[in-house]
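Each chain, written out:
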Amino acid sequence: MKIIAFYSLKGGVGKTAAAVNIAYLASQAGIPTLLWDLDPQGAASWYLSGTDEIKGRKLAALMDGKTPIGKFIRASAYPDLDFIPAHNSFRNLDVRLDKDDSANTLKNWLAPLSEETSLVVLDCPPSMSRLSEQVLKTADGVFVPVVPTWLALNSWQQLQAFARDKKLKPGRLHPFFSIVDRRKNLHREMVIHRKQRLESGLNALIPNASVVEKMGESGQPVELMDRSSAAADAYRRLWKEIRKLI
Ligand SMILES: Nc1ncnc2c1ncn2[C@@H]1O[C@H](COP(=O)(O)OP(=O)(O)O)[C@@H](O)[C@H]1O
Ligand SMILES: [Mg+2]
């Protein structure tokens, strides 16, 4: 079982959009996939529930060892793709993780899933916390969307420093440009010089595209909305690269 995470210190950069589209593409490749929506805002859960209202479960039961993780899992509308919906109690996860001394709680929680799941996709909240520390420690690859702006590059550097500080392997962090708008000079410049601007960045980049925005309306991955769109092609390229790296 491989674990990947979409993570950034910034919100609104395309983590959830990437997590949902990549999880869908993985499942379409016949890989039993589980997307865990770790962000209490629950955007990924909303996409995968077919916009029905779904109720997540309180994490306390999982933490106390009373409820096995399997009980948290819901089937999505797609074969081979399940998800764990977000719940408000995820807000308190950090406090609980702080009290818990065990070496890697997240890894222990996920362990029982290895028989029926081949890929776990973690959709993370934008925070620097105990939870993110565990995500960075546990994941085989952490994929970081970076909008091509100076501020976003700065926040990517902060994330690298955080990882070094916590003695996490920086090689597991993989940035990629996201919500790229080629009409903007700065975006174009950063993409052209991406080897310098975003060292160790992936080749795939996700364009600013209305089809991605419309996921909110349709609740579907872009592959299903318009598979010939540039965005669908970009997510396929991203998935290809991710697959090679993990
Ligand atoms: N490639 C894209 N092109 C256009 N809009 C996008 C793109 N990726 C994300 N968005 C939009 O930006 C907002 C934030 O995206 P989201 O994936 O939820 O970011 P995050 O999870 O990093 O907060 C959403 O409204 C989403 O529809
Ligand atoms: Mg999100």
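To start, this report covers the structure provided alongside it. Please read these numbers as outputs of a predicted model, since none were measured by experiment.

Thresholds, definitions, all that
All residue numbers refer to positions counted from 1 along the written sequence of the respective chain. Lettering for chains starts from A, numbering for ligands starts from 1, and both go in the order in which the items are written. For a predicted model such as this one, the threshold for reporting local features is a pLDDT of at least 70, and the threshold for listing and counting side-chain atom pairs is 80 or more; totals across whole chains, interfaces and linings nevertheless cover every residue. Only heavy atoms go into the side-chain values, all of them from the structure, while hydrogens and water stay out. Here a strand is any run of E in DSSP of at least two residues, a helix any run of H or I of at least four, and the numbering for each starts at the N terminus. Here's how the labels work: a residue is buried when its accessible area is under 20% of the maximum for its type, exposed when over 50%, partly exposed in between, all with a 1.4 Å probe on protein chains only. The criterion used for residue contact is that any of the two residues' heavy atoms lie within 4.5 Å. Patch membership requires over 30% relative accessible area and the absence of a salt bridge. Like charges are linked within 9 Å, and nonpolar side chains (Val, Leu, Ile, Met, Phe, Trp, Tyr) within 5 Å. For accessible areas, the Shrake-Rupley method is used with a probe of radius 1.4 Å. Any residue's cover is judged against the shown protein chains and nothing else. Salt bridge, as used here, is a side-chain nitrogen of Lys or Arg placed within 4 Å of a carboxyl oxygen of Asp or Glu. Here the positive residues are Lys and Arg and the negative ones are Asp and Glu; neither His nor the chain ends is included. Note that the charge is assigned to NZ on lysines, CZ on arginines, CG on aspartates and CD on glutamates. One heavy atom suffices: a residue is near a molecule or strand as soon as one of its heavy atoms comes within 4 Å of it. Polar contact is the term for a pair of N or O atoms within 3.5 Å; when the atoms are in protein, one must be able to donate a hydrogen and the other to accept it, and sequence-neighboring residues count only if both atoms are side-chain atoms. Computed over the protein atoms alone on a 1 Å grid, cavities are sets of points where a 1.4 Å probe fits but cannot get out and pockets are open sets with protein on both sides within 12 Å along at least five of seven lines; a residue lines them when it has an atom within 4 Å of a point. Being in a pocket or cavity means that more than half of the molecule's atoms lie within 2 Å of its grid points. Just so you know the grouping, Ala, Val, Leu, Ile, Met, Phe, Trp, Tyr, Cys and Pro go in nonpolar, Asp, Glu, Lys and Arg go in charged, and all remaining residues, Gly too, go in polar. By this definition, two strands are paired if DSSP reports at least two bridges between them.

Digging into the environment of W156
Take W156: it is sitting in helix 7 (residues 150–165). Looking at W156, the relative accessible area reads 4%, which means it is buried. Beyond its immediate chain neighbours, meaning those up to four positions away, W156 contacts V144, V146, L173, P175, L198 and S200.

Details of a negative patch on the surface
Side chains of D80, D82, E115 and E116 sit close together on the surface and give a patch of like negative charge. In this structure, D82 sits in strand 4 (residues 81–84).

Observations concerning the site of ligand 1
Taken together, 14 residues lie near ligand 1, and G12, K15, T16, A17 and P207 sit nearest. Note that an oxygen atom of ligand 1 is positioned 3.0 Å from one of the backbone N or O atoms of V13. Within the side chain of K15, one N or O atom sits 2.7 Å away from an oxygen atom of ligand 1. The protein chains hide 78% of the 550 Å² of surface that ligand 1 would expose on its own. Assessed atom by atom at 2 Å from the grid points, ligand 1 resides in the largest pocket. Listed by contribution, the elements that provide at least two residues to the shell around ligand 1 are helix 1 (15–28) and helix 10 (210–213). Broken down by element, the residue count for the shell around ligand 1 peaks at three residues, all from helix 1. In the shell around ligand 1, the residues fall into seven nonpolar, five polar and two charged.

Considering the sheet that holds strand 6 (residues 141–146)
Pairing within the open sheet is mixed, and its seven strands lie in the order 3-4-2-5-1-6-7. Each edge of the open sheet carries a strand with a single partner, namely strand 3 (74–75) and strand 7 (173–177). Across five bridges, strand 6 lies against strand 7 in parallel orientation. Across the sheet, residue V142 finds its bridge partner in strand 7, namely L173.

Note that all results are geometric; they support no functional claim without further evidence.
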